[in-house]
Amino acid sequence: MSALSVTGVTKSYGRTPVLAGVDLHVPAGTTTALLGPSGCGKTTLLRIVAGFDDPDAGTVELGGRVVAGAGRPVPARRRGIGFVPQEGGLFPHLTVAGNVAFGLPRRLRRDRARVASLLELVGLDAALADRTPHQLSGGQQQRVALARALAPEPSLVLLDEPFSSLDASLREDTRRAVVAALRATGATAVLVTHDQAEALSTADQVAVLRGGVLAQLADPRTLYRDPRDLDVAAFVGEAVVLDGDAVGGRVASELGELVLGRACPDGPVRVLLRPEQLRLSAGPGPRARVCAVDFYGHDARVELELPSGRRVSARTEGGDLPLAGAEVSVAVTGTAVPFPVGTPSGAPCPSPAPAPA
Amino acid sequence: MLLAAAVAALALVPLGHIVVAAVGVGWDGITELVFRPRVAELLVNTVRLVGGAVVVCVVLGVGAAWLVERSAVPGRRVWHVLLVAPLAVPAFVTSYAWISLLPGFDTYGGALLVVSLSYAPFVYLPAVAAFRGLDPALEDTARGLGLSTWGVFRRVQLPQLRVAVLGGALLVALHVLAEFGALAMLRYPTFTTAVYDQYRATFNGPGATMLAGVLVLLCLVLLLAEIRLRGARGYARTGAGAARAVRPVRLGALTAPALLALAAVVALSVAVPLVSLVRWMATGTSAGLDVDTLATTTGTTLALAAAAAVVTTVFALPTGWLAVRRRGPVATLLERSTYLGSAVPAIVIALALVTVSIRLVPGLYQTVPVLLAAYAILFLPRAIVTVRAAVEQSPPLHDDVAASLGASAPARLWRVTLPLLAPGIGAGAALVFLAVVTELTATLLLAPTGTTTLATAFWSASSALEYGAAAPYAVVMVLLSAPATVLLSRDVSRDVLPAARRGPTP
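Residues numbered from 1 in each chain as written. Chains lettered and ligands numbered in written order. Predicted model: local features only at pLDDT ≥ 70, side-chain atom pairs only at ≥ 80, totals over all residues. Heavy atoms only, no water.

Caption draft 1: Highlighting the overall build of chain A. From N to C terminus, chain A includes eight helices and 20 strands. Oriented by its inertia axes, the alpha-carbon framework of chain A measures out at about 75 × 45 × 35 Å. Counting across all 357 residues of chain A, residues that qualify as buried make up 48%. Restricting the contact set of chain A to residue pairs at least 6 apart, pairs at least 24 apart contribute 65%. When the accessible area of chain A is evaluated, it comes to approximately 15,700 Å², of which 51% is carbon and sulfur surface. Considering chain A, the positive charge centre built from 37 side chains and the negative charge centre built from 37 side chains are found 9 Å apart. (Helix = DSSP H or I, 4+ residues; strand = E, 2+ residues; numbered from the N terminus. Buried < 20%, exposed > 50% of the residue type's maximum accessible area, 1.4 Å probe, protein only. Contact = heavy atoms within 4.5 Å. Areas by Shrake-Rupley, 256 points an atom, 1.4 Å probe, with all protein chains shown as cover. Lys, Arg positive; Asp, Glu negative; His and termini not counted. Charge placed at Lys NZ, Arg CZ, Asp CG, Glu CD.)

Right, dumping it as structure tokens:
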């Protein structure tokens, strides 16, 4: 398994720039999620790494070998990359076994044991080997596609929104099976997704792609708790944003005095909280009116209106829920992340130290 | 790209020939040859036959499709097969069946009956496919809004059927314009039969070419009219998920009349020709059946059809590929020119190839290659449509995946692309094969001396009023066409690729 390094990659289709200088490093044996809204260039980046497209500028290195950028690009078939497309892309004219063995050398293609062990690796019954793709469920197709990609022992596995076409119930199981198979083979993997929960729960590090550049590359916890700017913050999860003035590491806000999670110069700031940091009670404290309650069973999302008219949400346990229209008091647990007001794109305060994963 | 351009150029040879000839004759010559009473008479004949046939076919086709797809008329599956069955009987055989039974059948009414019955499936099949593609939820919604069955048909179903029915009507019109055998046998003169007579009389004078020119103009007018009428509106089922089953409309007291109408159509279009054929077959065989000649002729026909199927499919591959994988104005232009080329009646194509081969490569005149070229021009769209559908079924994604698994370009072609395209290519070739088996007009003009096919042998016998001798050839043609017709009736709403179509189900 080898590391992937992408340096300064740009790509335009006609006059439309899609990638505007992307740098990305994926350490060997880890999984990186490429997260971004539709049209942010994540699939283009994946296709460039795979060798289906060539970058306009920049280099792609795979295990220390430059495969695109210097001289003739190495064609896809010589890169040793496993590719799992959206909806699987199984060859409809081949059986499951034929699909899995497609990339193996000719003498190994009839090796039933090999196919069986690959199917087992992705959590499938070896009895499926003689089925044709259309006899499989969507989740099974995705697993076969992964087994096919892993069969030739690739140096890197690329997964293009592999779970987006699956039902919610199937998605969790398939995702776990895929992660387990990737871990078991120690594969280096890049997973493209637009689902932030999927990115946070699957990957060792998450690369947020925005407008053709890398907005932030961090491990999931850092990304969620200490995002670089408010856009990233809102993209990776629901955000509660309040205004206030920072004085000596504290901020006076509508929800009372908040402790800042990282150093920040005194002055006007916007602070970020997550909905699960808000606790509702009938006791004393800052008041808010309940606008709506979405009950999910395991928890609930309560939409609140603060006295200033600002709306924020709180995530609470599903047990004792207020009614819409009720007055509640709000307490905040944990620290808030400050973003000084006035800097153009909400540039962050310098982090004290990279947070450990 | 170059290959596709060459194919398009071949398809446009007949049109080019007409234009060149028209320029050669000059405006005065054209006025003299075209603006005369005989041409006016032909124009009236042709237009009223085409118009009548389109109206009858649309009424029969849409009505029958509604009965089979949306009403509770008994025996819907059987009716469906019987309504498609006329496709297995070439129009000139139907014509022969009628005129040999009723010698006084050579009137406008007779011609209209024969062509309408022969070509009604061209409207019926797309109408059935469109009915099956309609979302029943729309009809339920309309009923919920208080519409009657007739109101649902007129305000919901008919507008959605428009594209399919227009396409079918265009096919009927083009076929009637190009119909030669059936009308010649009924002695009903149209441009096509006149071109043939002119050609026989003066071999290849400007007279024939100019008549052909008028005929081609009529075809172009039809094509343009269809494009204008069709418009750009698309209808699609909104929302995902499988369409629910349709609850058929109960006919009640109207069941008997509906059954009677269907029975009448089937009796006229299927039963009469078959009875007549069987009768003449009996007469013919009692006089002694020449099995050797029949076998040789069948052999020649099958060989020609097989060769034409291979040639046409090979020609169709580059165009079908480009149309999907390199979408753009050039690919569209190349694809459309092959369609335009084959909208030209067979008689014109044959005439053009006769002249062009004599002028440019005299050695090729009346040889198999020229005949195959004519078949290719005539039937390219059938092959292109299926190849195109097959290419659409095999997205470039599979190529990418195979590349990432280390397969080289030739290996990808061999292990992925060809297996995926094979059913489509095969279906296209089969369609061409069957069309060639019953092709009459171009074969009459272009077949090498001494080469007879089933159609031309049938033609010469029946032209000599030897109805009994003609019958066996007709029977063989019908038997050869029957399997394809059964397949067509089954696969209306699915396409020709039932296996490849079922791709990964999400």
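Picking up after the structure, the text goes on.
Caption draft 2: Quick look at the packing of helix 4 (residues 76-84) of chain B against helix 7 (residues 121-133) of chain B. Residue and element names in this part refer to chain B. The N-to-C vectors of helix 4 and helix 7 enclose an angle of 140°; their axes lie 9 Å apart at closest approach. Counted together, His-80, Leu-83 and Val-84 of helix 4 and Pro-121, Tyr-124, Leu-125, Val-128 and Arg-132 of helix 7 form the full contact between these two elements. Residue composition of the contact of helix 4 with helix 7, grouped by class: six nonpolar, one polar and one charged. (Axes fitted to C-alpha atoms, helices over the stretch in contact; angles between N-to-C directions. Nonpolar A, V, L, I, M, F, W, Y, C, P; charged D, E, K, R; others polar.)

Caption draft 3: Representation of the sheet that holds strand 7 (residues 156-160) of chain A within the structure. Residue and element names in this part refer to chain A. In space, the six strands of this open sheet follow the order 6-7-8-3-9-10, with mixed pairing throughout. Single-partner strands in this sheet number two, and they are strand 6 (81-84) and strand 10 (213-218). The average angle at which neighbouring strand axes cross in this sheet is 20°, direction not considered. Pairing between strand 6 and strand 7: four bridges, direction parallel. Along strand 7, the bridge assignment pairs Phe-83 with Leu-158. (Pairing = 2+ DSSP bridges.)

Caption draft 4: Highlighting a nonpolar patch on the surface. A cluster of nonpolar side chains, namely Leu-360, Val-361 and Leu-364 of chain B, defines an oily patch on the protein surface of about 260 Å² accessible area. Within the secondary structure, Leu-364 of chain B sits in the loop between helix 16 (346-360) and helix 17 (368-393). (Patch = residues over 30% accessible without salt bridge, like charges linked within 9 Å, V, L, I, M, F, W, Y side chains within 5 Å. Salt bridge = Lys/Arg side-chain N within 4 Å of Asp/Glu carboxyl O.)

Caption draft 5: How the structure looks around the domain arrangement of chain A. Here chain A is partitioned into domain 1 (4-225) and domain 2 (238-340). One C-alpha centre belongs to domain 1 of chain A, the other to domain 2 of chain A; they are set 38 Å apart. (Domains from an automatic or database assignment.)

Caption draft 6: Broad picture of the interface of chain B and chain A. Each side of the interface is counted separately: chain B has 21 residues, and chain A has 24 residues. For the pair chain B and chain A, the summed buried area comes to about 2,100 Å², and 63% of that belongs to carbon and sulfur atoms. Our count for the contact surface shared by chain B and chain A stands at one salt bridge. The tally of links from chain B across to chain A stands at five residue pairs in polar contact (both at pLDDT 80 or more). Looking at the side of chain B that touches chain A, the elements that each hand over two or more residues are helix 18 (396-404) and helix 19 (409-437) of chain B. Broken down by element, the residue count for the side of chain B that touches chain A peaks at seven residues, all from helix 18 of chain B. A class-by-class count of the residues in the side of chain B that touches chain A yields 11 nonpolar, six polar and four charged. (Buried area = accessible area lost by both parts, 1.4 Å probe. Polar contact = N/O pair within 3.5 Å; in protein donor to acceptor, adjacent residues only side chain to side chain.)

Caption draft 7: Expanded view of the pairing of strand 16 (residues 287-295) of chain A. Residue and element names in this part refer to chain A. Summarising the sheet, strand 16 and strand 19 (residues 327-332) pair through three bridges and their orientation is antiparallel. Bridging from a neighbouring strand, Arg-289 pairs with Glu-327 of strand 19. If you look at the hairpin formed by strand 16 and strand 17 (residues 299-305), you'll find three residues sitting between the two strands, and Gly-297 has a positive phi there, around 100°.

Caption draft 8: Up close: the domain arrangement of chain B. Residue and element names in this part refer to chain B. We note that the domain assignment places domain 1 (1-12 + 290-452) and domain 2 (36-232 + 260-286 + 482-492) within chain B. If you look at the interface, domain 1 gives 19 residues, while domain 2 gives 23 residues. Counting the surface lost from both domain 1 and domain 2, the interface buries some 1,600 Å², and carbon and sulfur atoms represent 82% of this. When the area that domain 1 buries against domain 2 is broken down by residue, the three leading residues are Pro-345, Ile-347 and Leu-351, summing to 29%. Counting the contacts that link domain 1 with domain 2 gives zero salt bridges. Between domain 1 and domain 2 we count zero residue pairs in polar contact (both at pLDDT 80 or more) in total. Mapped by element, the contributors of at least two residues to the side of domain 1 that touches domain 2 are helix 15 (329-343), helix 16 and helix 20 (441-446). Considering every element that reaches the side of domain 1 that touches domain 2, the biggest residue donor is helix 16, with seven residues.

Caption draft 9: Main features of the packing of aromatic side chains. Here the structure, examined in full by the defined rule, presents 13 aromatic pairs over all chains. Here Tyr-119 of chain B and Phe-122 of chain B contribute two aromatic rings whose centre-to-centre distance is 5.5 Å and whose plane-to-plane angle is 10°, an arrangement assigned as stacked. Of the two residues examined, Tyr-119 of chain B and Phe-122 of chain B, each falls in the buried class. Taken together, the ring pairs in this structure connect Phe-92, Tyr-96, Trp-280, Phe-458 and Tyr-467 of chain B into an aromatic cluster. The lysine or arginine in question, Arg-262 of chain A, covers the ring of Phe-339 of chain A, its NZ or CZ lying 5.2 Å from the ring centre. (Phe/Tyr/Trp six-rings, centres within 6.5 Å; stacked < 30°, edge-to-face > 60°. Lys NZ or Arg CZ within 6 Å of the ring centre and 35° of its normal.)

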